[in-house]
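Topology and contacts: notes
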Amino acid sequence: MKNRYTPFGYGIEDGKFIIIPGEAEIVRGLFRDYVAGKSLKTLAEELTKKQVPYLPGKWQWNKNRVSRLLGGSRYLGDADFPQIITPEVYAMAEEKRQAWTVYDVAEPVDVINEAVVPTYCGKCGAPTKRIWKKSDQKRLCTDLDCRRGYRIHDGQFSEMLTSLLKNVDVTDTAVVPEEYTQELRHLENDLARLMNMAQPDGGQLRSLIFQIAAKKYEIASYGKHITEKLRADLHRVGLSDFITRRQVMDIVQSITLLSEEEMEVTLINGQVVRKEVHCGK
């Protein structure tokens, strides 16, 4: 595949850098939209959707690539590169970009966010989104009419969850996935229809009865397996002071934030656990 040796927006002609008009207009649009309020992620998604190539055959942009482009002072013009943007626009974009760079660093490996387990607002029930800045860590409700913020930093969130799960008494009843119960209901309905016939087929009757028995055994086995696994996983949490992302994914179905000091957890067996936990902020 052919590589690109010139920055986006420029080409080479007679050994000198020249402006590529179409790309230069995209560069100006990126600076303009970023200063106007669009995020790096949104800009990257728009470029990808339009299939704007940054290399021959490559047009999958990400926010880091957009950020690097916006940080290119060459677009101001110098001895080598012709000017594409004005110093005023560059200064405004750079001020915004540097303000966010402080927070755009690698996150801890065991941060528990919405990608690990769905977390909901206790006020309206809408999903929450983790907002991660060094000066302001919180979970924010995504419902535009609610927008409740729960100021819980990552360490506190993990502490609350760990404390809540340490002494859970797992119930023996597990909530079976809907697809299991739907299939059983279909089989039972088929059996009822067959038995209401004047002369039901004996072979079909036996087959349906066996299928129903097998499905009920599968459901019972599923519940037993989930309960035993959940107890084992919770026992490991009880032996430590810190819950990992992997453990959360194995144990927790969802979390509902009731306040900045209280959460409600639904385990993978459908059991709801709730206890007030006071943690230092």
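What comes next is a walk through the structure. (Residues numbered from 1 in each chain as written. Predicted model: local features only at pLDDT ≥ 70, side-chain atom pairs only at ≥ 80, totals over all residues. Heavy atoms only, no water.)

1. So, unusual backbone geometry
The phi dihedral of Asp14 falls on the positive side, at around 55°, and the residue is not glycine. Looking at the secondary structure, you find Asp14 in the loop between strand E1 (10-13) and strand E2 (16-19). Given a relative accessible area of 77%, Asp14 falls into the exposed group. Even without a glycine there, the phi angle at Arg147 is positive, about 55°. With respect to the helices and strands, Arg147 occurs in the loop between strand E5 (138-141) and strand E6 (149-150). (Helix = DSSP H or I, 4+ residues; strand = E, 2+ residues; numbered from the N terminus. Buried < 20%, exposed > 50% of the residue type's maximum accessible area, 1.4 Å probe, protein only.)

2. Regarding the sheet that holds E5
Sheet architecture is open: three strands sit in the order E4-E5-E6, paired in antiparallel fashion. Both edges of this open sheet fall to strand E4 (128-131) and E6, since each of them pairs with a single strand only. Pairing analysis gives two bridges linking E5 to E6, with the strands arranged antiparallel. Bridged to Leu140 within E6 is Gly149. (Pairing = 2+ DSSP bridges.)

3. A word on the pattern of salt bridges
In the structure shown here, the tally under the stated rule is 12 salt bridges. A salt bridge links Asp190 to Arg193; the nearest nitrogen and oxygen atoms lie 2.2 Å apart. With Asp190 and Arg193 both in helix H6 (residues 178-195), this residue pair falls three residues apart, about one helical turn. Taken together, the salt bridges that share partners define one network made up of Asp33, Lys38 and Glu46. (Salt bridge = Lys/Arg side-chain N within 4 Å of Asp/Glu carboxyl O.)

4. Focus: the environment of Thr48
As for its placement among the helices and strands, Thr48 is situated in helix H2 (residues 40-49). For the pair Thr48 and Gln60, spaced 12 residues apart in sequence, the C-alpha separation works out to 5.1 Å. Contact partners of Thr48, with chain neighbours within four places excluded, come to Trp59, Gln60 and Trp61. (Contact = heavy atoms within 4.5 Å.)

5. Some thoughts on helix H1 (residues 21-36)
Compared with the 22 Å implied by 1.5 Å per residue over 16 residues, the 22 Å span of H1 between its first and last C-alpha is a close match. For H1, the set of buried residues is Glu23, Ala24, Val27, Gly29, Leu30, Phe31 and Tyr34. Gly37 occupies a position one or two residues after H1 and carries a positive phi of about 130°. (Expected span 1.5 Å × (residues − 1).)

6. Looking at the nonpolar core
Within the largest apolar cluster, 31 residues are counted, with the highest numbers of intra-cluster contacts made by Leu161, Leu165, Ile255, Met263, Val265 and Leu267. When contributions to this core are tallied by element, the ones reaching two or more residues are helix H5 (154-165), helix H7 (202-238), helix H8 (245-251), strand E7 (252-257) and strand E8 (262-267). Ranked by residues supplied to this core, first place goes to H5 with five residues. Counting 23 residues, the second largest nonpolar core, distinct from the first, contains Val27, Leu40, Tyr54 and Leu70. (Core = buried A, V, L, I, M, F, W, Y, C linked by side-chain atoms within 4.5 Å.)

7. Some points on the environment of Asn167
Looking at where Asn167 falls in the secondary structure, it is placed in the loop between H5 and H6. Taking the C-alpha atoms as reference points, Asn167 and Leu234, separated by 67 residues in sequence, lie 8.2 Å from one another.

By themselves, these figures tell us nothing about what the structure is for.
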